[in-house]
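# Tertiary structure, described
These are the residues of each chain, in order.
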Amino acid sequence: MVYIDRTKVMMLFLRLSGIPDDERHDYDDMIENACFYIAKHAVDPVVVSDLERLEFASAAVAVYDNTLMRLINDKTLCTQDGRQALNYKDTDAYKYAQKLREHAIACISDIWVDDSFSFAAVEG
């Protein structure tokens, strides 16, 4: 499997997400998961010039995952008496994160192995 430099991905992730550098360790697992996701779909071996695209794609996947987690956590609030209330804060963060992820995956489509399974019925 392709090795993707987690340090470079973390730097890209912090830059893309606007998260302060002193909070970087809170996102180690997210970066690890994003790198694993991209690496398992990348052709092996890749040329060195393709590594930057894989790093960017990993960071984009991490931004997307982080955005989803943040939106899910922001969705439920607790009132003063301990009851839960839903927060319907309107945000386009999900759309932007999704577009970033789609763009990053499209940029590595030439070295991306699509292992999705599709089943088609055959009439006979």
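To be clear, the structure that these remarks concern was listed above.
What counts, and at which threshold
- Residues numbered from 1 in each chain as written.
- Predicted model: local features only at pLDDT ≥ 70, side-chain atom pairs only at ≥ 80, totals over all residues.
- Heavy atoms only, no water.
- Helix = DSSP H or I, 4+ residues; strand = E, 2+ residues; numbered from the N terminus.
- Contact = heavy atoms within 4.5 Å.
- Areas by Shrake-Rupley, 256 points an atom, 1.4 Å probe, with all protein chains shown as cover.
- 1 Å grid on protein atoms, 1.4 Å probe; cavity = no way out; pocket = protein on both sides within 12 Å on 5 of 7 lines; lining within 4 Å.
- Points joined across faces, edges and corners; volume = space filled by probe spheres on them.
- Nonpolar A, V, L, I, M, F, W, Y, C, P; charged D, E, K, R; others polar.
- Core = buried A, V, L, I, M, F, W, Y, C linked by side-chain atoms within 4.5 Å.
- Buried < 20%, exposed > 50% of the residue type's maximum accessible area, 1.4 Å probe, protein only.
- Salt bridge = Lys/Arg side-chain N within 4 Å of Asp/Glu carboxyl O.
- Polar contact = N/O pair within 3.5 Å; in protein donor to acceptor, adjacent residues only side chain to side chain.
- Phe/Tyr/Trp six-rings, centres within 6.5 Å; stacked < 30°, edge-to-face > 60°.
- Lys NZ or Arg CZ within 6 Å of the ring centre and 35° of its normal.
- Expected span 1.5 Å × (residues − 1).
- Patch = residues over 30% accessible without salt bridge, like charges linked within 9 Å, V, L, I, M, F, W, Y side chains within 5 Å.
- Lys, Arg positive; Asp, Glu negative; His and termini not counted.
- Charge placed at Lys NZ, Arg CZ, Asp CG, Glu CD.

### Notes on the overall build of the chain
- A count of helices and strands for the chain gives 4 helices and 2 strands.
- Each helix and strand of the chain, placed in order from N terminus to C terminus, yields the pattern α-α-α-β-β-α.
- Considering only intrachain contacts with a sequence separation of at least 6, the fraction spanning at least 24 residues in the chain is 70%.
- Of the roughly 8700 Å² of accessible surface on the chain, a fraction of 53% belongs to carbon and sulfur atoms.

### Observations regarding the layout of surface pockets
- Taken as a whole, the largest pocket holds about 150 Å³ of empty space.
- Every residue along the wall of the largest pocket is listed here: L16, S17, I19, Y27, V63, N66, T67, R70, A93, Y96 and A97.
- Those elements that provide at least two residues to the lining of the largest pocket are α1 (6-17), α3 (51-75) and α4 (93-107).
- Per-element accounting of the lining of the largest pocket gives the leading share, 4 residues, to α3.
- Taken together, the residues of the lining of the largest pocket break down into 7 nonpolar, 3 polar and 1 charged.

### What about the nonpolar core?
- Counting 28 residues, the largest nonpolar core has I4, F13, I31, I38, L54 and I108 as the members making the most contacts within it.
- Elements represented by at least two residues in this core include exactly α1, α2 (28-41), α3 and α4.
- In contact with F13, not counting residues within four places along its chain, are I19, Y27, I31, A59, A62, V63 and N66.

### Digging into the pattern of salt bridges
- Considering all chains together, one arrives at 5 salt bridges under this definition.
- D21 is the salt-bridge partner of R24, the closest N and O atoms lying 2.8 Å from each other.
- A relative accessible area of 19% places R24 in the buried class.
- Classification of D21 by relative accessible area gives partly exposed; the value is 44%.
- Among the ionic pairs, K95 bridges to D92, the shortest N-O distance being 3.4 Å.
- Residues joined in a network through salt bridges with shared partners are D50, R53 and D110.

### A few points about the side chain of H41
- Examined against the element boundaries, H41 turns out to sit in helix α2.
- At a separation of 2.9 Å, a polar atom in the side chain of H41 contacts the main-chain carbonyl oxygen of Y37.

### Topic: the packing of aromatic side chains
- Tallying each qualifying case throughout the model produces 3 aromatic pairs.
- It is R101 that lies over the ring of Y64; its NZ or CZ is 5.3 Å from the centre.

### Structural notes on α2
- With 14 residues, α2 should reach 20 Å at 1.5 Å per residue; the first-to-last C-alpha distance of 20 Å fits that figure.
- Taken as a whole, α2 has its buried residues at M30, I31, A34, C35, I38, A39 and H41.

### Structural notes on a negative patch on the surface
- Negative charge collects at one region of the surface, where D22, E23, D26, D28 and D29 lie side by side.
- Tracing the backbone through its elements, the reader meets D26 in the loop between α1 and α2.
- On the basis of relative accessibility, which here comes to 62%, the residue D26 falls in the exposed class.

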